[in-house]
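Understanding the architecture of this molecule
Given next are the chains, with one letter for each unit.
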Amino acid sequence: MGSQLRPRRASSPALPGRVAAPLAVGGRVARGLAHRLARRMSSWSPRTPDRWVFAGRADAYVDNPRYLFEHVTDHHRAIEATWISGDPAVVQRVRAHGRCAERRWSARGIRATLRAGVAVYSFDPGDVNVALTGGAVGVNLYHGVPLKQIEGDIRVGSAARIYHPSTPIDRLRAATVYYPRTLANDLVLATSPDVAAEMQRAFGRRAGRMLIGRPPRLAGALHTSAATERPDDAEATSVLLYAPTWRVPPGFDLAEALGDLVALEEALRRDGSRLLVKAHLYDRVTLPRSARRIELLDSESDINEVLGTVDGLITDYSSVMFDAALLGLPIVFYPFDLDEYRRRSSESFSFDYDQLVEGRAARNSEELIDMIGSGAWRSAGFPGSVRDRVWGPGDQPSVPESNRRLVDEIAAVADERFGS
């Protein structure tokens, strides 16, 4: 959320750590204060309900905002939709597909954000621009389903100091560096009434109206799934996706998770499969050694596109499991560090985790290698009762229909605030 001090020129001596660290923190606090002031001033900017800005986490072109943005540009031409990013490569990529995108602090990016009546994001307004979205309708298309603790529910780890600051320093950081996480959202997307209740509690007063619908990101998985040819040949190579969730620093250790790569490769060979590894958006990992049947994907690639092309999922505490369950994929749980994760990241889960993973879990790398080599992963189903709690029982609206309803509800709120 915060920024780092600009690096000094090579000719300048480095500051001692005991001096540089407070200066870095001071810079982030000052920037946070400036954002708070700018946001208040931007609330006076004239906004119109038919101008919307969108952005994803970490400046990447991913997740629910991406797919609602594409739906709006393709099907709601009366809305002027602009993708905002601080990454020039992302801006060029979006423009290459004939859609409007601007850099966050470019003149046109500033103008688009100040005029927008709606800001759509997947975490908080900082995804777009916290300083320039004051007064806009804030739409939080949250990036997952809360299996683990989120927002105000977090009571352990470094995030607890943000949501529940107890010392003067922590309260200062929460009010400045992490200011976007304190802002209210006008609309928050949830997948079902049960999930809405979980999110309402976690967001507390920061949650406005809860919207129930299909996450727009499902369009990516469903599209690639329909476009992917799956051969009937029994000898054809199957594809497994390993998608672990983010962990608080020091982060995710791929070498620890995969264990003996030689044994894992042999298990993949016996099963006639290969493994794709997609780290969390915020993680940067490398393979410990070269491997023929294991491929490391870019962490900034869109997991929703990948999910529609694979035959099974390996995960731990990531809500990608729920999307995979909706697609009918086999799911192997791999909570090799469960005790540590509970201690540092999430004390509890929205569902009984032990019951959720029973009969479909590998507790260490040896068990994972055995499940792959024996082909047992193919029969690892997902509890239908949990799937129905997350997605709602029975027939539900399609993703395009859900997107249309979502756009109509957002537009109604924007019209009410700014005039039709």
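In the block above lies the structure referred to throughout.
In this report, we go over the structure that sits alongside the text. (Residues numbered from 1 in each chain as written. Predicted model: local features only at pLDDT ≥ 70, side-chain atom pairs only at ≥ 80, totals over all residues. Heavy atoms only, no water.)

**Remarks on the sheet that holds strand S8 (residues 238-242)**
The five strands are arranged S10-S9-S8-S11-S12 in an open sheet whose pairing can be described as parallel. Edge positions in the open sheet fall to strand S10 (294-296) and strand S12 (331-333), since each of these has one partner strand only. Averaged over neighbouring strand pairs, the angle between their axes works out to 20° when direction is ignored. Across five bridges, the pairing between S8 and strand S9 (residues 273-277) is parallel. Paired with leucine 241 across the bridge in S9 is leucine 276. Docked against the sheet, helix H10 (residues 261-271) engages S9 and S10, running at close to 130° with respect to S9. (Pairing = 2+ DSSP bridges. Helix = DSSP H or I, 4+ residues; strand = E, 2+ residues; numbered from the N terminus. Axes fitted to C-alpha atoms, helices over the stretch in contact; angles between N-to-C directions. Contact = heavy atoms within 4.5 Å.)

**Things to note about the pairing of strand S4 (residues 116-121)**
Counted residue by residue, S4 has six buried out of six residues, so it is predominantly covered. For strand S1 (residues 48-54) and S4, the ladder comprises four bridges, and the chain directions are parallel. Considered in S4, the bridge of threonine 48 is made with alanine 116. Where S4 and strand S5 (residues 137-140) come together, four bridges link them in parallel fashion. Bridging across to S5, tyrosine 121 finds its partner in asparagine 140. (Buried < 20%, exposed > 50% of the residue type's maximum accessible area, 1.4 Å probe, protein only.)

**Comments concerning helix H12 (residues 320-327)**
Judged by how many residues are buried, H12 sits mostly within the fold: six of eight residues are covered. Regarding H12, the residues found buried are Val320, Met321, Phe322, Asp323, Ala324 and Ala325. Phi for glycine 328, located one or two positions after H12, is positive at around 80°.

**Here's the deal with the packing of helix H2 (residues 63-75) against helix H17 (residues 399-418)**
Across the interface, H2 lies against H17 with an axial gap of 11 Å and an inter-helix angle of 85°. When the axis of H2 is compared with that of H17, the two are roughly perpendicular. Listed contacts from H17 to Leu68, His71 and Val72 of H2 are Pro400, Asn403, Arg404, Leu406, Val407 and Ile410. For the contact of H2 with H17, the class distribution of residues is six nonpolar, two polar and one charged. (Parallel < 35°, antiparallel > 145°, perpendicular 65-115°, else oblique. Nonpolar A, V, L, I, M, F, W, Y, C, P; charged D, E, K, R; others polar.)

As far as function goes, none of this settles anything; it's purely spatial.
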